[in-house]
Amino acid sequence: MATLDRDEGVVLTMRDYAETDRILTVLTPGHGKLSVLSKGARRATSRFGGALDLANRLQIVYYVRRKGLHLLREVTLLESFPALREDVDRLEAALWGLGLVNRVVPAETPDLHVYGRVRAFLGAVAGGLDPELARVAFSLQLLVVSGHQPRLDGCMACGGENELTWHPERGGLLCRACGGGGEEVSPKVWKSMSALIRFPLDRAGRLRLDQTTLSRMKGLVDGFWRHQLHR
Ligand SMILES: [Zn+2]
């Protein structure tokens with residue numbers, strides 16, 4: 001007999017399947033990242049209506065299947081973040097963040113820290129935090145909760161704070177005297193990155209970062225993630 005299970009979760013991805021079905025990836029607190037098949041989800045008469053959408057937080061009941069593609073039985077919409085969907089920059093930032101989560105989180109491995117960060121991220125972006133800042137802060141925090149925290153307390157080799165450069169392959173900052181190369185990372189940039197890791201997302205706006213600092217941070221964090229994903 002088929003086992004039923006239930007959890008809440010945030011929709012990370014959604015794709016069409018067969019004639020009228022959809023496959024969703026849902027990040028849940030209790031069961032980790034789940035793939036669920038929703039039969040008939042694309043029919044106009046689908047009983048799940050608009051609940052199945054990216055970034056929605058749902059309560060789901062599903063039949064557990066051993067091969068990993070579970071079968072959705074019931075859906076209740078818990079939260080749809082309307083403010084996200086009214087602004088293209090917010091929505092883009094949110095979907096970018098969820099896409100990153102989908103890439104880096106292993107299937108069916110529950111992690112309350114990751115789930116908590118995802119909820120806080122969606123709430124902060126919907127609540128009006130600058131989408132670019134939210135993106136940088138969330139991707140830094142995701143590095144931390146997935147065990148790839150960059151070293152941001154001075155040079156990794158000597159602890160010095162002068163002439164620091166960025167070395168994802170080494171795990172953080174390295175000064176020129178210790179062999180660091182490339183463009184220098186200003187104290188404002190690396191100290192702000194360190195602060196974004198420590199601050200809850202809803203307080204990140206207090207850092208008052210200018211556009212130049214923000215785009216430099218974004219380049220560094222994206223580079224760090226690229227290294228983690230491709231090594
Ligand atoms: Zn050094």
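That block above? That's the structure.
Presented here is an overview of the structure given in this document. This one's a predicted model, so the numbers in the text were calculated from it and none came from an experiment. Along each chain, the written sequence defines residue order, and numbers are assigned to residues from 1. With the structure being a predicted model, the display of local features is reserved for residues of pLDDT at least 70 and the display and counting of side-chain atom pairs for 80 or more, all residues being used for whole-chain, interface and lining totals. Side-chain figures throughout are based on the complete set of non-hydrogen atoms in the structure, without hydrogens or water.

### Topic: the pattern of salt bridges
Part 1 of the reasoning: Definition used for salt bridges: Asp or Glu carboxyl oxygen within 4 Å of a side-chain nitrogen of Lys or Arg. Here the structure, examined in full by the defined rule, presents 16 salt bridges.
Part 2 of the reasoning: Salt-bridge contacts for Glu 8 lead to Arg 57; the nearest nitrogen and oxygen are separated by 3.1 Å. You can see Glu 8 sitting in strand 1 (residues 3–17) and its partner Arg 57 sitting in strand 4 (residues 57–64), a full 49 residues away along the chain.
Part 3 of the reasoning: The rule is simple: take the accessible area with a 1.4 Å probe, protein chains only, and divide by the maximum for that residue type; under 20% is buried, over 50% is exposed, in between is partly exposed. By relative accessible area, Arg 57 is classed as buried at 10%.
Part 4 of the reasoning: The partner of Asp 53 in a salt bridge is Arg 85, with the nearest N and O atoms 3.6 Å apart. With Asp 53 in the loop between strand 3 (32–38) and strand 4 and Arg 85 in helix 1 (residues 82–85), this pair connects stretches of sequence that are 32 residues apart.
Part 5 of the reasoning: Relative accessible area serves as the criterion here: at 31%, Arg 85 is assigned to the partly exposed category.
Part 6 of the reasoning: A single network of salt bridges, built from pairs that share partners, joins Glu 8, Arg 57, Glu 79 and Arg 119. Runs of E in the DSSP output that reach at least two residues are strands. Runs of H or I that reach at least four are helices, and both are numbered from the N terminus.

### Section: the nonpolar core
Across soluble globular proteins, nonpolar side chains show a tendency to be buried alongside one another.
Part 1 of the reasoning: Membership of the largest hydrophobic core comes to 53 residues, with the highest contact counts inside it found for Val 118, Leu 122, Leu 142 and Met 193.
Part 2 of the reasoning: Listing elements by their share of this core, those giving two or more residues are strand 1, helix 2 (88–104), helix 3 (112–126), helix 4 (131–145), strand 6 (164–167), strand 7 (172–175), helix 5 (187–198) and helix 6 (211–230).
Part 3 of the reasoning: Take this core: its biggest share by element is nine residues, from helix 4. Take the buried Ala, Val, Leu, Ile, Met, Phe, Trp, Tyr and Cys residues and link them wherever side-chain atoms come within 4.5 Å; each set so joined is a nonpolar core.

### Some remarks on the coordination of the zinc ion
Part 1 of the reasoning: Every protein donor of the zinc ion is listed here as Cys 155 (SG), Cys 158 (SG), Cys 175 (SG) and Cys 178 (SG), and their distances to the metal cover 2.3 to 2.4 Å.
Part 2 of the reasoning: Think of the donor list as every N, O and S atom within 2.8 Å of the metal, or within 3.2 Å for Na, K and Ca; water never makes the list, so a site can look incomplete. In these descriptions, tetrahedral denotes four donors with every angle between 85 and 135 degrees, square planar four donors and octahedral six donors with opposite donors over 155 degrees apart and the rest between 65 and 115, and irregular any other case. Bound by four donor atoms, the zinc ion shows angles of 104 to 115° at the metal and therefore tetrahedral coordination geometry.
Part 3 of the reasoning: We note that the donor set of the zinc ion lies within a single chain, spaced as C-x2-C-x16-C-x2-C.
Part 4 of the reasoning: A relative accessible area of 2% means that Cys 155 is categorised as buried.

### Things to note about empty space enclosed by the protein
Part 1 of the reasoning: Detection works on a 1 Å grid of protein atoms alone, calling trapped sets that fit a 1.4 Å probe cavities and calling open sets with protein on both sides within 12 Å along at least five of seven lines pockets, with lining residues defined by an atom within 4 Å of a point. Grid points are joined across faces, edges and corners, and a volume is the space filled by probe spheres set on the points. Counted by the stated rule, this structure contains one cavity of 30 Å³ or more.
Part 2 of the reasoning: Empty space within the largest cavity amounts to approximately 40 Å³.
Part 3 of the reasoning: For the largest cavity, the full set of lining residues is Leu 27, Thr 28, Gly 32, Val 105, Thr 109, Pro 110, Asp 111, Val 114 and Tyr 115.
Part 4 of the reasoning: Only strand 2 (21–28) and helix 3 provide two or more residues apiece to the lining of the largest cavity.
Part 5 of the reasoning: Of the residues assigned to the lining of the largest cavity, the class counts are five nonpolar, three polar and one charged. Residue classes follow a fixed rule: Ala, Val, Leu, Ile, Met, Phe, Trp, Tyr, Cys and Pro count as nonpolar, while Asp, Glu, Lys and Arg count as charged, and any other residue, Gly among them, counts as polar.

Treat this as a map of the structure, not an account of what it does.
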